[in-house]
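A closer look at the structure
In case you want the letters, here they are:
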Amino acid sequence: MPVVSPEKLIALQRSQDDIRNDHGKTSLSDALIATNGIISPKLAGKVRYLDSRPDEQLRGITMESSAISLYFSMLRRSALDAVPSQKEYLINLIDSPGHIDFSSEVSTASRLCDGAVVLVDAVEGVCSQTVTVLRQTWIEHLKPLLVINKIDRLITELKMSPGEAYIHLCKLLEQVNAVVGSFFQGERMEEDLKWRERIEERIAAAAAAKDQEKAEGKTVGTTDSAVDDPDTTAASTTGEYEEKDDEDIYFAPEKNNVIFSSALDGWAFTVRQFAALYEKKLGIKRGALEKTLWGEFYLDPKTKRVLGQKHLKGRALKPMFVQLVLENIWAVYEATTGGGKGKGDPELLQKITKSLNITLPPHVLRSKDSRVVLTTLFTAWLPLSTALLVSVIESLPSPPVAQASRLPAMIESSPGASHVDTRVRDAMIEFKTDRKEPIVAYVSKMVAIPESELPENRRRVGGLSTEEAREIAQRKRAEVSRAQALTEMAAVGVTAVTGTLGNTHISNGSGSQSDSAGLDDEERVDPEHLIGFARLYSGTLSVGDSIYVLPPKFSPAAPHAHPELQKVTITALYLLMGRSLEPLSSIPAGVVFGIAGLEGHILKSGTLCSQLTGSVNLAGIAMGAQPIVRVALEPVVPSDLGKMIAGLRMLEQADPCAKYEVLESGEHVIATAGELHLERCLKDLRERFARCEIQAGEPIVPYRESIVSAAEMAPPREKDLPRGTIVGVTTSKQATLRLRVRPLPSKVTDYLGENGATIKRLYSERGEKLNGTASPRNGTVETGAVLSLAEFKLKLGEAFNRVEAKGNRKTWANVIENIVAFGPRRSGPNILVDGTKERLLLRDTNPSESANRSADPTFTSLSPHDLSDKISYAFQLATSQGPLCNEPMQGVAVTLEDVSLNIPSGEEDASRSEKLGRLTGEIIKTMRDSIHQGFLDWSPRLLLAMYSCEIQASAEVLGRVYGVITRRRGHILSESLKEGTPFYSVLSLLPVAESFGFSDEIRKRTSGAASPQLIFQGFEMLDQDPFWVPFTEEDLEDLGELADRENVAKRYMDRLRERKGLFVSGKKLVENAEKQKTLKR
């Protein structure tokens, strides 16, 4: 293959209509890379070129997205009767991971692309990760291209006939289309609901206008008729609901958006390719063949006419796809790898090569490996790269077309969309590339690159010089000797170390300089630099340009909010070439590129814009996986703490899903998406970012605390008061609080959990309204559907109305209007309700006015209303750390019933601020403790973080899979046999706390025949009281006084309390103590 120079790729960046930006998979990417001469075609599918990390090569999976720019040329006709001319294309390919732990890499790559190549395993079918990828494609409005891969497994493993394989592929295509159809149906129902709400609002407004006119004594005939006829009003206001056509969203081979392939054997084809092959042979037009090669169409062997199913007249004909396509593929496998000994049929092979007009080299025919003959024949007949690249060029849109369709909706959903400058909006949508146009780029993530791999530090062409070769050899020898020394020290032990220390002496003068020089040579490190992974949407970006970096929380409505943004100078631009970078001087719109100079200015993602006022914020990617597994880290050598902290900060920037935080206890914690993601982060931290030995503690798994009304509960704390009612008195006896804690209905809890983004937005809007300032920019951006205040209240009321218990409906009547706060962090699924007669907490007071009044010495009287902000703060504290094990609460309603003050007569003359200062701490502590006491008055429960576990296994190992799941406290949800295969699909729920080592155990127990996919599903209640002890006669008779049955909830609670340093009741400090024996006895 000819090698394509970087200069050629850079020149093609200016032809925007000939660019395609998409992302696919590693084995297929190898075949595409081979067309540019970067790797040998023989190694395609084996070398995994874009898996540049050693652990990726070792495990055989992709962990990080990698981008590469590829050149492709083909003959195209400008018209049907025109002469074909050579057309050149630039394809920006991003290879993204398939493992569920790294689905955040798919999310970051999708924002940069215009199309997606979605791979589905022909045997395993639609898995959970397939649904995740298709959903991300739908959300980002990408044009998808379906590749049904590993069709060779249907031949070699499942031994299917061509007819059986066709039926299997039809069902597989139906499954994929069903997933896409569910996305369309959900979006259609949501749009229909919004349309109906708009109609109702218009009708209500028209009715209100009519009533007002009647009250004023005016009559307008047109208004009367409109109100009398709601249909007329609806039609005159918003028009009829327009049904969207869903025909273009589905995958169909006749539309040329489905590719059948085997990346391992290096072949792929589309229906269009075979239509071109059979056009002359059958005398049927290519367009007609493209529509009939897939589906229930049959070829009459006598008349050579295409028949539908109705015209078969009882004849047992094979579908055209089976007869003309699959049987030929099966014949090639039979001729090359079939037969009794697996060496194929030479006569059949000769017949096939002669009919295809293909000549195989003699050394290939003499090869002892039959797969060499197979791959060589398929490469000459149905090369994978040709089918895939031609489909990408014909089916996926160019950047100008894609931006015109994608960006309007993306800009409308961005923060402060109404304040975006029309010049910026038009430049992005109309794809303006002139240097005078506004520059808008999106940086999806930061990538860590070693300094030695940067183009300015890397030699471009030619062989190694003598000095370079000598330096590399010295470095290698030093590494080998250091490794040998470590091995010898481990073997010899302490004796060798003490002997070395005994012979050590301190030298001064020239000797110390040589020793330090040797240490510097050994400890020479290759520092990491952060490069932005970006896409330019408008304008032209050059090295040296100064540009604004907009954080994810930036809003054009308040461009000059604190902190004021400053311009950043671009120091370098790079062409991404997989494992290497090529320097660029400028970048036109529509290109995926690397950018330097943003280190310290972007945490994970951000938008680049040449102007601050009227700019657009493109942040807000919905991450596929949330960091759920946390681990506390500490360096083995305490003096390396600074290195570890610096490494953790760089890791947080370089990984789109990893999060670093310091707990109140001083622990340095890293949060990751799963066990494999955690392993990769720790490896990067030790070897690249911190470069020191780091030890990780036990995984920290999140829990939630809740309460229920159970049949067996202890009597209420206060006999004369309802359950959950607590009367709290401050230490100084100056304030008394009465509150009641109750469990929220499950439907309300679920609703509040799903709409956390809406609650946060309502809080920020209220803060802006009271303070007159914009919300701060720090923090993370919330993604998801955001409801208006009216919609939120309406749906919350519907959730409360669904309460089925007869007595509970009165309990929650009119509670929505009295809700003061949500918690924890002002967005959680717990509510604080103002039940006082004076409505102390519901009075809207400007905080600045309250502060001024507090500081004014003339105010001496203190009212219960002055404690409202302290009570709300105590509610946030109580719900963020529950009484069981300091984990956040969920599904709890706290109703404040009364607040009374009893200021002693001797303190009446004190100023208001002095009184409030003494009471502040007492009120917060009393309120928090009272909520915890009311919580424990009910039956407490722990909620476990759960994984949805999907496993595909054969019947032989199904029992072992069940055994591992049951042993780890998982439960099976469903089990189904995949039609046409011997595999069962097992769906189960597994606690995250029990999932560590689960994948390895499954693989060991099944000898590698099963591998699980774990996706975080949410929290599930463990229906067991951690404080339960047997007290009835039946329980005492069955279990005894010590309760022989283990209380699992108590085990989880005690483990958490012990890790956090809290008191653990019933813990024995000494077990099985015996008298110490001396050495003499």
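Rules of the game
Residues numbered from 1 in each chain as written. Predicted model: local features only at pLDDT ≥ 70, side-chain atom pairs only at ≥ 80, totals over all residues. Heavy atoms only, no water. Buried < 20%, exposed > 50% of the residue type's maximum accessible area, 1.4 Å probe, protein only. Helix = DSSP H or I, 4+ residues; strand = E, 2+ residues; numbered from the N terminus. Pairing = 2+ DSSP bridges. Phe/Tyr/Trp six-rings, centres within 6.5 Å; stacked < 30°, edge-to-face > 60°. Lys NZ or Arg CZ within 6 Å of the ring centre and 35° of its normal. Salt bridge = Lys/Arg side-chain N within 4 Å of Asp/Glu carboxyl O. Axes fitted to C-alpha atoms, helices over the stretch in contact; angles between N-to-C directions. Contact = heavy atoms within 4.5 Å. Expected span 1.5 Å × (residues − 1). Arc of directions from axis to C-beta. Core = buried A, V, L, I, M, F, W, Y, C linked by side-chain atoms within 4.5 Å. Parallel < 35°, antiparallel > 145°, perpendicular 65-115°, else oblique. Left-handed = near helix turned anticlockwise from the far one by under 90°. Nonpolar A, V, L, I, M, F, W, Y, C, P; charged D, E, K, R; others polar.

An unreviewed UniProt entry lists the protein under the name Elongation factor-like 1, with Glutinoglossum americanum given as the organism.

**Quick look at the pairing of strand S32 (residues 983-991)**
A large share of S32 lies buried, amounting to 7 of its 9 residues. Pairing analysis gives 9 bridges linking strand S30 (residues 939-954) to S32, with the strands arranged antiparallel. Across the sheet, the residue bridging to tyrosine 947 is leucine 990, located in S32. Both strand S31 (residues 971-977) and S32 contribute to a ladder of 6 bridges, which runs antiparallel. Residue pairing in the sheet places glutamate 975 in a bridge with valine 986 of S32. Linkage of S31 to S32, two consecutive antiparallel strands, is achieved through a turn of 5 residues, within which glycine 980 is found at a positive phi near 85 degrees.

**Brief notes about the packing of aromatic side chains**
One pair of aromatic rings is described through two measures. These are the centre distance and the angle between the planes. Overall, the coordinates contain 20 aromatic pairs when judged by the stated rule. Relative to tryptophan 381, the ring of phenylalanine 274 lies with its centre 6.0 Å away and its plane at 80 degrees, an arrangement referred to as edge-to-face. Taken together, the positions of phenylalanine 274 in helix H10 (residues 271-282) and tryptophan 381 in helix H15 (residues 370-381) put the pair 107 residues apart, joining distant regions of the chain. The pair formed by phenylalanine 274 and tryptophan 381 is uniform in burial state, with each residue classed as buried. Ring geometry for phenylalanine 1016 against phenylalanine 1019: centres 5.9 Å apart, planes inclined by 85 degrees, an arrangement best described as edge-to-face. Taking relative accessible area as the criterion, phenylalanine 1019 reaches 26% and is therefore assigned partly exposed. Among the aromatic residues, ring-to-ring pairing joins Tyr166, Phe260, Trp267, Phe269, Phe274, Tyr278, Trp294, Phe321, Tyr333, Phe378 and Trp381 into one connected group. Arginine 111 extends its terminal NZ or CZ atom over the ring of tyrosine 442, reaching a point 5.5 Å from the ring centre. The aromatic ring of tyrosine 1052 is capped on one face by arginine 1051, whose charged end is 5.2 Å from the ring centroid.

**Considering the pattern of salt bridges**
This model, assessed by the stated rule, comprises 31 salt bridges. Between glutamate 140 and arginine 406 there is a salt bridge, with the nearest N and O atoms lying 3.4 Å from each other. Of this pair, glutamate 140 sits in the loop between helix H5 (128-139) and strand S5 (143-149) while arginine 406 sits in helix H17 (residues 399-412); the two residues are 266 residues apart in sequence, bridging distant segments of the chain. Exposure class is identical for glutamate 140 and arginine 406. Each is buried.

**A word on the sheet that holds strand S28 (residues 830-834)**
Here 5 strands make up an open sheet; going across it, the order is S25-S26-S29-S28-S27 and the pairing mixed. Two strands lie at the open edges of the sheet, namely strand S25 (725-729) and strand S27 (819-823), each paired on one side alone. In this sheet, adjacent strand axes meet at a mean angle of 25 degrees when their direction is disregarded. Note that S25 and strand S26 (residues 735-743) share 5 bridges and pair antiparallel. Residue valine 729 lies in a different strand from S26, and its bridge partner there is threonine 736. Helix-sheet contacts for helix H29 (residues 868-880) involve S26, S27, S28 and strand S29 (892-901), and the interaxial angle to S27 is about 35 degrees.

**Structural notes on helix H26 (residues 789-801)**
The first and last C-alpha atoms of H26 sit 18 Å apart over 13 residues, in line with the 18 Å expected at 1.5 Å per residue. Those residues of H26 that fall on the buried side of the exposure criterion are Phe792, Leu796, Gly797, Ala799 and Phe800. Seen along its axis, H26 keeps its buried residues to an arc of 155 degrees; they face one direction. The exposed residues of H26 that point more than 90 degrees off its buried face are Ala790, Leu794 and Asn801.

**Remarks on unusual backbone geometry**
With an omega of 0 degrees, the peptide bond between glycine 823 and proline 824 qualifies as cis. Inspection of the secondary structure puts proline 824 in the loop between S27 and S28. Of note, lysine 159 is a non-glycine position whose phi angle comes to about 55 degrees, a positive value. Relative to the assigned elements, lysine 159 resides in the loop between helix H6 (152-156) and helix H7 (162-216). The exposure class of lysine 159 is exposed, given its relative accessible area of 63%. A positive phi angle is found at phenylalanine 431, which is not glycine, with a value near 55 degrees.

**Let's talk about the sheet that holds strand S22 (residues 668-672)**
With antiparallel pairing, the 4 strands of this open sheet are ordered in space as S21-S22-S20-S23. Sheet topology places strand S21 (659-662) and strand S23 (694-700) at the edges, where each strand pairs with a single neighbour. Across the sheet, the mean angle separating the axes of adjacent strands is 30 degrees when strand polarity is ignored. Where strand S20 (residues 629-635) lies against S23, 5 bridges are found, and the strand directions are antiparallel. Paired with proline 635 across the bridge in S23 is isoleucine 694.

**Observations concerning the nonpolar core**
With 163 residues, the main nonpolar core has Leu598 and Leu752 as its most contacted residues. Ranked by residues supplied to this core, first place goes to S30 with 8 residues. Core analysis: the next-biggest nonpolar cluster, separate from the first, contains 67 residues, Ala122, Ile155, Phe251 and Trp294 among them.

**So, the environment of glutamine 890**
Summarising the element assignment, glutamine 890 is placed in the loop between H29 and S29. Looking at glutamine 890, the relative accessible area reads 17%, which means it is buried. Considered as a pair, glutamine 890 and serine 746 are 144 residues apart in the sequence and their alpha carbons are 10.0 Å apart. Other than its neighbours up to four places away in sequence, glutamine 890 contacts Arg704, Glu705, Ser706, Thr749, Pro829, Asn830 and Leu943.

**A closer look at the environment of isoleucine 155**
Structurally, isoleucine 155 can be placed in helix H6. Distance from isoleucine 155 to alanine 165, taken between C-alpha atoms, is 8.4 Å for residues 10 residues apart in sequence. Those residues within four positions of isoleucine 155 in sequence are excluded, and the remaining contacts are Ile329, Trp330 and Tyr333.

**Comments concerning the side chain of serine 988**
In this structure, serine 988 sits in strand S32. With residues up to four places along the chain from it excluded, the contact list for serine 988 reads Tyr947, Ser948, Cys949, Ile965, His971, Ile972 and Leu973.

**Considerations on the packing of helix H13 (residues 346-356) against H15**
At a closest axis distance of 11 Å, the pairing of H13 and H15 adopts a crossing angle of 15 degrees. Between H13 and H15, the interaxial angle falls into the category roughly parallel. Between H13 and H15 lies a crossing of left-handed hand. Contacts from Leu349, Ile352, Thr353 and Leu356 in H13 reach Val373, Leu377 and Trp381 in H15. The residue inventory of the contact of H13 with H15, partitioned by class, reads 6 nonpolar, 1 polar and no charged.

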